[in-house]
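# Notes for the structure review
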Amino acid sequence: MKVKKSKEEKLFQVFNYTFLVVIMIMCFYPVWYVAMASFSNSNLLTQHTGLLFKPAGFSFDAYKKVFQNPMISKGYMNTLFILIIGVVLDLFMTSLGAYFLSRKQVLFKKPILLFILFTMFFSGGMIPFYINLRELHLTNTLWGLIIPFLITTSNLIILRTAFASIPESLIEAAQIDGAGHITILFNIVLPLSKAMLAVMVLYYGVSIWNSWFWASAILRNREMYPLQIILREILLSNDTSSMTAGSSAMDTEAIGMTIKYATIMVATIPILCVYPFLQKYFTKGTMVGAVKE
């Protein structure tokens, strides 16, 4: 039987939908503006004022200039190397640590967990961290952006909680059959935690894709710059000279604007394309990892 809603409930529902639509438009429009501006004619865009709902004179010139810049392709390759190798190693190391902390019979588990949690709130600081990287010969190398960041404490705790929610009877049955911890981890625990692993891929992937600070601090060779450093140079330093060579001063300023928007889209689209494939696991995985023992 369908329950009839009161006028107050209907009014409240209308208000909710209206409010959410407004919030959605406020969040979506800046992305739409950047996308439309990136496909616009540079001269027409500089003359445009107000809102932008469609390209001001459709043009691919900005994207052609972006992909003609050799640093964009090199930055992409460097970022993909850090992303793929980093995410794989991050998942491997985090899974090992989470499995260890999820076992009930581990000696001194609580003190060890407290020491790990301590690192979430206190650290030695950036200068000691940089000195460690230098002494370990991890400066001016892409491995310096991977090895020191293999485990994020918050992700470790979330994954550890997810592993601990797996019925202990499954682990005990495997141990009775002679399975060791490595076998249990890779053949039982990880296959039962696919949703949580998808969330970890998203967390680590987004973090690596967006990170730029330590890359700017430890890399000296421009050939090693990830895409985020190239994007930062273009947006903050207003450096589009490598993509506007041969243009007049007025044209350089105009096309430089559309190049910035095109670069933002080039750097943003990959992560936006990946998210929908992981989104279905996101809510389930986060809820599993949030349940307290």
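It should be noted that the structure appears before, not after, this text.
Procedures and definitions
Sequence order as written defines residue numbering, which begins from 1 separately in each chain. In keeping with the model being predicted, local features are shown solely for residues with a pLDDT of at least 70 and side-chain atom pairs are shown and tallied solely at 80 or more, while totals for entire chains, interfaces and linings include all residues. Computation of side-chain values: all heavy atoms of the structure, hydrogens and water removed. Secondary structure counts use DSSP, requiring at least four H or I residues in a row for a helix and at least two E residues in a row for a strand, with both numbered from the N terminus. Buried means the residue's accessible area, taken with a 1.4 Å probe over protein chains only, is under 20% of the maximum for its type, while exposed means over 50%, and partly exposed covers the values in between. Contact definition: two residues touch when any of their heavy atoms are within 4.5 Å. Each reported salt bridge corresponds to a side-chain nitrogen of Lys or Arg within 4 Å of a carboxyl oxygen of Asp or Glu. Ring pairs are drawn from Phe, Tyr and Trp, using the six-membered ring of Trp, whenever the two centres fall within 6.5 Å, and their geometry is named by plane angle: stacked under 30 degrees, edge-to-face over 60, tilted for the rest. Patch membership requires more than 30% relative accessible area and the absence of a salt bridge. Residues of like charge join within 9 Å; the nonpolar side chains Val, Leu, Ile, Met, Phe, Trp and Tyr join within 5 Å. For the area figures, the Shrake-Rupley method with a 1.4 Å probe applies, and any residue is considered shielded solely by the protein chains shown. The charged-residue count follows a simple rule in which Lys and Arg add positive charge and Asp and Glu add negative charge, with His and chain termini not counted at all. A single reference atom marks each charge: NZ on Lys, CZ on Arg, CG on Asp, CD on Glu. Here, nonpolar core refers to any group of buried Ala, Val, Leu, Ile, Met, Phe, Trp, Tyr and Cys residues whose side-chain atoms link them within 4.5 Å. For the purposes of these results, a polar contact is taken to be a pair of N or O atoms within 3.5 Å, where, inside protein, one atom must be able to donate a hydrogen and its partner to accept one; residues adjacent in sequence count only when each atom of the pair is a side-chain atom. In this analysis an axis means a line fitted to C-alpha atoms, helices contributing only their contacting stretch, and an angle means the value between N-to-C directions, from 0 to 180 degrees. We call two directions roughly parallel when the angle between them is under 35 degrees, roughly antiparallel when it is over 145, roughly perpendicular when it lies between 65 and 115, and oblique otherwise. Left-handed is the label given to a crossing in which the near helix is rotated counterclockwise from the far helix by less than a right angle, and right-handed is the label when the rotation is clockwise. Note on residue categories: nonpolar means Ala, Val, Leu, Ile, Met, Phe, Trp, Tyr, Cys or Pro, charged means Asp, Glu, Lys or Arg, and polar means any other residue, Gly included.

### What to know about the overall build of the chain
Counting its regular elements, the chain contains 13 helices and 0 strands. Counting helices and strands in the order they occur from the N terminus, the chain gives α-α-α-α-α-α-α-α-α-α-α-α-α. Taking all 293 residues of the chain together, 37% fall into the buried category. The contacts in the chain between residues at least 6 apart in sequence include a share of 73% that link residues at least 24 apart.

### Comments concerning the pattern of salt bridges
Counted according to the given criterion, the structure contains 4 salt bridges. Between Glu223 and Lys74 there is a salt bridge; the shortest N-O distance is 2.5 Å. Residue Glu223 is found in the loop between helix H11 (213–218) and helix H12 (227–236), and its partner Lys74 is found in helix H4 (residues 70–102); the two are separated by 149 residues along the sequence. The class of Lys74 is partly exposed, set by a relative accessible area of 32%. Between Glu168 and Arg103 there is a salt bridge whose closest N-O contact spans 3.3 Å. On the criterion of sequence distance, the pair formed by Glu168 in helix H8 (residues 168–176) and Arg103 in the loop between H4 and helix H5 (109–121) is long-range, its members being 65 residues apart. A residue is classified by how much of its surface remains accessible, and Arg103, at 3% relative accessible area, is buried.

### As for the packing of aromatic side chains
Inspection of the entire model under this criterion finds 17 aromatic pairs. Here the aromatic rings of Phe92 and Phe186 are separated by 6.3 Å at their centres, their planes lie at 25 degrees, and the arrangement is stacked. Remark: Phe186 occurs in helix H9 (residues 181–189) and Phe92 occurs in helix H4; sequence separation between them is 94 residues. For Phe186, a relative accessible area of 36% puts it in the partly exposed group. Members of the aromatic cluster, connected to one another through ring pairs, are Phe129, Phe149, Trp212, Phe213 and Trp214.

### Overview of a positive patch on the surface
On the surface, Lys4, Lys5, Lys7 and Lys10 cluster together into a patch of positive charge. With respect to the secondary-structure elements, Lys5 resides in the segment before helix H1 (7–38).

### Brief notes about the environment of Tyr203
Topologically, Tyr203 is positioned in helix H10 (residues 194–210). Relative accessible area serves as the criterion here: at 28%, Tyr203 is assigned to the partly exposed category. C-alpha of Tyr203 to C-alpha of Thr152: the two residues are 51 residues apart in sequence and 9.8 Å apart in space.

### Overview of the environment of Ala174
With respect to the secondary-structure elements, Ala174 resides in helix H8. Judged by its relative accessible area of 9%, Ala174 is buried. Placed 14 residues apart in sequence, Ala174 and Ile188 show a C-alpha to C-alpha distance of 8.5 Å. In this view, Ala174 contacts Ala179, Ile184 and Ile188; residues no more than four positions away in its chain are not counted.

### Section: the nonpolar core
Grouped together as the largest cluster of nonpolar side chains are 65 residues, with contacts concentrated most on Leu145, Phe163 and Val189. If one sorts the elements of this core by residue count, H4 sits on top with 10 residues. Apart from residues lying up to four places away in sequence, Leu145 is in contact with Ile82, Trp214, Ala215, Ile218 and Leu219.

### Focus: the side chain of Arg103
Here the side chain of Arg103 touches Ser102 through a polar contact of 3.2 Å, side chain to side chain. A distance of 3.3 Å separates the side chain of Arg103 from the side chain of Glu168, its partner in a polar contact.

### Some thoughts on the packing of H4 against helix H7 (residues 153–164)
At a closest axis distance of 8 Å, the pairing of H4 and H7 adopts a crossing angle of 55 degrees. The angle between H4 and H7 falls in the class oblique. Taken as a pair, H4 and H7 cross one another with a handedness that is right-handed. Taking contact as the criterion, the partners of Thr94, Ser95, Gly97, Ala98, Tyr99, Leu101 and Ser102 in H4 are, on H7, Asn155, Leu156, Leu159, Arg160, Phe163 and Ala164. Looking at the contact of H4 with H7 residue by residue, the classes come out as 7 nonpolar, 5 polar and 1 charged.

### Thoughts on a nonpolar patch on the surface
A contiguous nonpolar patch, built from Phe12, Phe15, Tyr17, Phe19, Leu20, Val22, Ile23 and Met26 and spanning about 870 Å² of accessible area, is present on the exposed surface. Checked against the element boundaries, Phe12 lands in helix H1.

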